[in-house]
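# Summary of the model geometry
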Amino acid sequence: MAQNTKGTASATTIEIHDVAPIPAAERHGKAWHLFTVWSSPNLEFATVFIGFLAVIAFGLNVWQAIAAVVVGNTLAAITHGVLSTWGPKHGLPQMVLSRSAFGKWGNLIPAGLSTLVAGIGWFAVNSTSGAFALQALTGMPIEGSLAIIVLAQIGIAFVGHNLIQKFERYAFFYLVVVFGIASIIVLSQGNFSVPADKSSFNLIGFTLTAAAAYGYTAGWTAFASDYTRYLPENTNSRQLGWAAGLGNWFATTLLMSVGAVAWTVASPDGNPTANFTGLLHNDLLAGLVLLGIAVGSVGANVLNVYSGAMSFLAMGFNLGFKTRRAIMVALAGIIGSITAYSAIKGDFVGSFEGFLLVVSYWVAPWIAVVLTDWLVRGRKLDANLENSKNWAGPVAFVLATVVSIYAFCNQLAYTGPLAKAWAVGDITPLVGFALAAVLYAVLYPAANKK
């Protein structure tokens, strides 16, 4: 059977399926499209900023920083690729599929967290980086820059899936050229020597950077099937998994590494986007990169606010109107904008660092639970997702998350006892993932007796 690659809805038609399965007549697209869907939103300045944290905040030398982001991004991209393959078969958003492992009511926990993290947290982070770029490009007040970025993000996400796919695909060709040229110039100026005070292996900084990179990249995995559920059911799973995973890995690893190199020579003070583009020594190119940063932030946040709304609806709330997803997009945009404005006026660096680590704390055990559920069921999901009952998921998730944070969290507000005693930095996501997987495998038989 040949793939239907056209579907019936245009890019400008407001999406109305919300979290319902996508009918066969609406299926369209190709596996390779997922490479651009996941590259474009990561070709933006928030990705570059991870390199800043690695070198300036976590104290790594440039080679340690690059190695740490490769480790974090690779681990995240593998599971992202796997979960992306679930969309074509089931036609459902990722947080609805999560009911297989958590049950309908237990799924309120991860779906609620995804709503807050994506629709508000990430929306604020990326709106902030886009606003800084637009301010540096135009000289307009930061408030005006933020308003323009937010309106663009909400407008695209409000229309829905088809417009998002088109935007990400066409934005990719501009972003990859502009950031590719900028990367070559920055890398040519970088200081790759290892300072004496950074010559020894910095385990704490390494794990903090890997965890931050993992939190950034794996944070997308809670939305993986949201952008594959419109694909024809017979889409090649291997091609789809590679396209989604590599799209995520390519953009994040490239720009995080470039960011690490950039801050061996750029000033850490003032407007970070202006300091980065200052290394280009060409006003035209700097302007094109600043525009790219703004476009990239829009590309990231249309996914965040769209999937944040999907996560909210996956919690099972019936809001009583046909375009409830679109309305939730608008509401999330308003709340996220207020949060972004607060971040701009406050400690953006400290807030961003903490936020990335917190994302990894919950998303790692969630991925472990849903992946283990899929494996123990023979690479299948529960056939009755609408009324699924499975207490093993929420129990394993909560226990793993609480124990890993209590023992291994390493933040200014709180440092766990084992993190202090062992001086290993922050391995919370690694512990949370392993513990959640083991707990779920042990609890699954008892929770799913026939």
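Summary of the structure given here. (Residues numbered from 1 in each chain as written. Predicted model: local features only at pLDDT ≥ 70, side-chain atom pairs only at ≥ 80, totals over all residues. Heavy atoms only, no water.)

Before going further, it helps to examine the side chain of Ser114. Its location among the elements puts Ser114 in helix H7 (residues 108–138). Owing to a relative accessible area of 1%, Ser114 belongs among the buried residues under this scheme. What Ser114 contacts, discounting residues up to four positions off in sequence, is Met95, Gly119, Ala222, Phe223, Ser311 and Trp362. (Helix = DSSP H or I, 4+ residues; strand = E, 2+ residues; numbered from the N terminus. Buried < 20%, exposed > 50% of the residue type's maximum accessible area, 1.4 Å probe, protein only. Contact = heavy atoms within 4.5 Å.)

Further remarks concern the packing of aromatic side chains. One pass over the structure, following the stated rule, counts 21 aromatic pairs. Taking 5.7 Å as the distance between ring centres and 70° as the angle between the ring planes, the aromatic pair formed by Phe102 and Phe397 counts as edge-to-face. Of the two residues, Phe102 sits in helix H6 (residues 99–106) while Phe397 sits in helix H16 (residues 392–408), which places them 295 residues apart along the sequence. A relative accessible area of 1% places Phe102 in the buried class. Centre to centre, the rings of Tyr227 and Tyr306 are 5.6 Å apart; their planes meet at 40°, and the pair counts as tilted. Placement of the pair is Tyr227 in the loop between helix H10 (203–218) and helix H11 (237–262) and Tyr306 in helix H13 (residues 283–314), with a sequence separation of 79 residues. For Tyr227, a relative accessible area of 1% gives the class buried. Relative accessible area serves as the criterion here: at 0%, Tyr306 is assigned to the buried category. An aromatic cluster is defined as three or more aromatic residues linked by ring pairs; in this entry it consists of Trp38, Trp220, Phe223, Tyr227 and Tyr306. Looking at Lys104, its charged tip hangs above the ring of Trp105, at a distance of 5.6 Å from the centre. (Phe/Tyr/Trp six-rings, centres within 6.5 Å; stacked < 30°, edge-to-face > 60°. Lys NZ or Arg CZ within 6 Å of the ring centre and 35° of its normal.)

Take empty space enclosed by the protein next. Summed over all chains, the structure comprises three cavities of 30 Å³ or more. By volume, the largest cavity amounts to about 40 Å³. As for the largest cavity, its lining consists of Ser114, Val117, Ala118, Trp122, Gly219, Phe223, Val359 and Trp362. Sorting the residues of the lining of the largest cavity by element identifies H7 and helix H15 (348–376) as the ones contributing at least two each. With four residues, the top contributor of residues to the lining of the largest cavity is H7. Grouping the constituent residues of the lining of the largest cavity by class yields six nonpolar, two polar and no charged. (1 Å grid on protein atoms, 1.4 Å probe; cavity = no way out; pocket = protein on both sides within 12 Å on 5 of 7 lines; lining within 4 Å. Points joined across faces, edges and corners; volume = space filled by probe spheres on them. Nonpolar A, V, L, I, M, F, W, Y, C, P; charged D, E, K, R; others polar.)

What follows covers the nonpolar core. Core analysis: the largest hydrophobic core is formed by 85 residues, its most contacted members being Leu34, Trp38, Tyr227, Trp362, Val363, Trp366 and Val369. With 12 residues, the top contributor of residues to this core is H13. The residues touching Trp366, leaving out its near neighbours within four places in the chain, are Leu83, Gln94, Met95, Ser98, Phe102, Pro110, Thr221, Ala222 and Phe397. Phe172, Ala182, Ala266 and Ile293 belong to the second-largest nonpolar core, a separate cluster that totals 35 residues. (Core = buried A, V, L, I, M, F, W, Y, C linked by side-chain atoms within 4.5 Å.)

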